[in-house]
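# Survey of secondary and tertiary structure
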Amino acid sequence: MVNSTLGNHANLSALLAQSVNNTNQSSVSPSLHTSSDLQAINALHTNAPKITDELLSQLNNETIDEALASNQKVEDVLQQQLTSLFTISSTPSLNNYKPSNEELALRTVITSQHEGLLKNESSDKLIERLNTSVKNIQGAYANTSDILSSLGQLGHEQKTFLASSQQRVERTLNPYMESLNRSKYGDDDNNLFELSVKTKEGDVINITFNSSQGYDEETGEAIDGFGISYEVNGNLSEAEHAALTQVMSGVGEMADEFFKVSENSFNPIIVPNQTDMSLNFLADFNSEQLAGFNVSFSTTQNDALDYGENTLDLSYSIDEASNQQALVFKAESGKNDIDFALDMSTIGVKDTQQMQQYLASLDQSLEDSRVNSTEDSKDSAFGRKGDETMQQGFALFKGAFTSMSSAAERYSNLESLAEQQFNDGRAMIADLVDNMITNDARYQGLGNKAPNTLGAGISKLADFDATFSYVLDNGDYQPKSTIELSQATAQTQLGDLSGVTQSKNVSSHFDYQYSRPDYYNKEESYNVNTAVKNKELVGLDQSHEVDVDTKMFEFNPQTNQYELQMAMQEQTISKSDIRLIDDIWLEENENSYSMHKKERDESDDKQDDFIETNRHSHTKLVTLIGDLDKLAENKDVRREYLTNLSQVNFFMDKK
């Protein structure tokens, strides 16, 4: 549907109306003008000169009589009106040359545009200036007619002269208007929204929305287009309709925020309002009725910076057979590229403390990866705008992580069998472990050489694999940050022993994608292994490891190469193995730390030399607490203890 056209118009009023209508409007639903819109439009009507008693008094009877004597005199009055449109700062130097009305009208437009260019105004601002200039020129002609009419001196000859002059001004301005609009809309502005939802019964709902602004080369017209389609393959039940409505509501809110970017197309470096976007509706996704959905947003804006297209693609699905849910997110905006993916089980329960630890670990990983490895100032390697964009995307990633975890908790409650299995196994063992490491005074714990951001004990949250990636592509400057967080849990049964093994891992990586060799890697892991007999914890093994590997380079213009300035490898390992058999506490603690660092010597005579530093430490402690006399005095008791200890060790080693 074509809403407006810019071409050959009959008069300046039509030209103005078209120019005012050629503003960017983007929304997934029709909307009325806001008060700010009306104020902006009304402002165009306030700048044209108004007829006042003072203005009339300036034209004495002698001047008016002379003005009415011929068309030349009418032209003098018109030129007075057009000249009044110039501001003091923009009045051109005409010397003794007397321009025609057409030339004078065009000068008012050009000088106004020149002022805008000197102020580095955006194309939207320049178009607004053009709208104002057109309105003011129209006002100048109207004022001239009103002056003559108010004095009773607007005859047929004067009307004909003004109409002819206005037509000549039109023909003069039309090419300029066309040129500016061609520059504004030459590459078209488009908005696209596509949503596909699949039900558990196999029905598919497809919804497409698109709107566009563009410039038609053949007709020389700026056009607005709009289209929407809704297609259902299958028959939807009332419950499926309700589930679809819930998805549409959540996706619609995302779309509202995403398409706001068109209102700020002059600042395309910022990803579309991701701080206001939310994936919270995933927590209430109706997995009983729906299998998943795919949604795509895109905006294409033609502006002076020519950053191209903003796109966002999101897919979410639940696989009932494998008890898995999956989300894939990809957003591209100008020079920014954000990707994240989440694969998560649908079996898990609420674990507020663990969730807080995971979110804190993600924040720490982002801090590790965002810092430029070649700078001591700890400034972001992505710059202010790039870092702001990354932070916005990261907030959306964390929100999706918590929402999917809540969805898993709700889904587990719907699946009575999964809930029973969970509580009889993993949840019970998690409580036993938590009680031991928090309440038992005999517990020595892991070493604190490197803080454990992942949290000790067994998480009750649904298992997952999560990856976040951010890239800033700025010519040869291409920093990239990647963060990964995962949790994997397994349950084992062997004879009268059962247990849970869980691994938690987080890593952060930063590099420049081969544009320069600097990089930073940090990996942290926490592993817990348990053995339970008769609902009592008899074995608990924990290990925590942190590895850091980084290299920093500096460009040498003399050799035209990047030269190594610093390289460091650092590793911290803490272990704790506990056996609690026949009320005898046996704990073995082991801690090690190693570091190798290589730094370029900064002294003038040794710039090609490196200073190397090595550190290493290792400690081991074995603690035995209990009634040891019974082991020493009673061979049967000792034999039974050693047999049970051997069985637990074998069970722990087999997992």
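Only a predicted model underlies this, so the values are computations on that prediction, with no experimental measurement involved. Throughout this document, residue positions are counted from 1 along each chain, in the order its sequence is written. Per-residue local features are limited, in this predicted model, to residues with pLDDT of at least 70; the limit for side-chain atom pairs, both in listing and counting, is 80 or more; totals at the level of whole chains, interfaces and linings are taken over all residues. The side-chain values count all of the structure's non-hydrogen atoms but skip hydrogen atoms and water molecules.

## Focus on the nonpolar core
Across soluble globular proteins, nonpolar side chains show a tendency to be buried alongside one another. Judged by nonpolar contacts, the single largest core of 88 residues is most densely connected at Phe193, Leu279, Phe293, Phe297, Leu327 and Phe340. Per-element accounting of this core gives the leading share, nine residues, to helix H11 (residues 383-414). By definition, residues are in contact when any of their heavy atoms lie within 4.5 Å. Those residues in contact with Leu327, other than ones at most four positions away along the chain, are Leu279, Leu282, Leu314, Ser315, Tyr316, Phe340, Ala341, Leu342 and Met404. Each nonpolar core is a collection of buried residues, namely Ala, Val, Leu, Ile, Met, Phe, Trp, Tyr and Cys, held together in the definition by side-chain atoms within 4.5 Å. Partly exposed residues are those whose accessible area sits between 20% and 50% of the maximum for their type, while under 20% is buried and over 50% is exposed, using a 1.4 Å probe and protein chains only. Ranked by size, the runner-up nonpolar core spans 17 residues in total, among them Leu85, Phe86, Val109 and Leu162. Secondary structure elements are defined from DSSP: runs of H or I of at least 4 residues count as helices, runs of E of at least 2 residues count as strands, and each element is numbered from the N terminus.

## Considerations on the layout of surface pockets
Method remark: on a 1 Å grid restricted to protein atoms, a set of points is classed as a cavity if a 1.4 Å probe fits but cannot get out and as a pocket if it is open with protein on both sides within 12 Å along at least five of seven lines; lining residues have an atom within 4 Å of a point. Grid points are joined across faces, edges and corners, and a volume is the space filled by probe spheres set on the points. If you add up the space inside the second largest pocket, you get close to 410 Å³. For the lining of the second largest pocket, the elements supplying multiple residues, two or more each, are helix H12 (416-439), strand E12 (536-556), strand E13 (561-581) and helix H14 (635-654). Among the elements that make up the lining of the second largest pocket, the one with the highest residue count is H14 (four residues). In terms of residue class, the lining of the second largest pocket is built from eight nonpolar, four polar and seven charged. By the convention adopted, Pro, Cys, Tyr, Trp, Phe, Met, Ile, Leu, Val and Ala count as nonpolar, Lys, Arg, Asp and Glu as charged, and the other residues, Gly among them, as polar.

## Side note on the pattern of salt bridges
Each salt bridge in this description consists of a side-chain nitrogen of Lys or Arg and a carboxyl oxygen of Asp or Glu lying within 4 Å of one another. Under the defined criterion, the tally for this structure stands at 17 salt bridges. The salt bridge partner of Arg129 is Glu115, with a shortest N-O separation of 3.6 Å. Taken as a pair, Arg129 in helix H7 (residues 123-150) and Glu115 in helix H6 (residues 101-118) lie far apart in primary sequence, 14 residues in all. Glu115 carries the same exposure label as Arg129, and that label is buried. Between Lys330 and Asp339 there is a salt bridge, with the nearest N and O atoms lying 3.2 Å from each other.

## Topic: empty space enclosed by the protein
Within this structure, the stated rule accounts for three cavities of 30 Å³ or more. Quantified by volume, the largest cavity comes out at close to 60 Å³. Around the largest cavity, the lining residues are Ser361, Gln364, Ser365, Asp368, Thr453, Val506, Ser507, Ser508, Lys522, Glu523 and Glu524. Secondary-structure elements contributing two or more residues to the lining of the largest cavity are helix H10 (352-370), strand E10 (497-511) and strand E11 (519-533). Per element, the largest residue contribution to the lining of the largest cavity is four residues, and it comes from H10.

## Topic: unusual backbone geometry
One non-glycine residue with positive phi stands out, namely Lys535, at about 60 degrees. As for its placement among the helices and strands, Lys535 is situated in the loop between E11 and E12. Located in the positive-phi region is Asp583, a residue other than glycine, with phi close to 60 degrees. Position of Asp583 relative to the elements: it lies in the loop between E13 and strand E14 (584-600). Asp583 sits in the exposed class, given a relative accessible area of 55%.

That is the geometry; function is a separate question.
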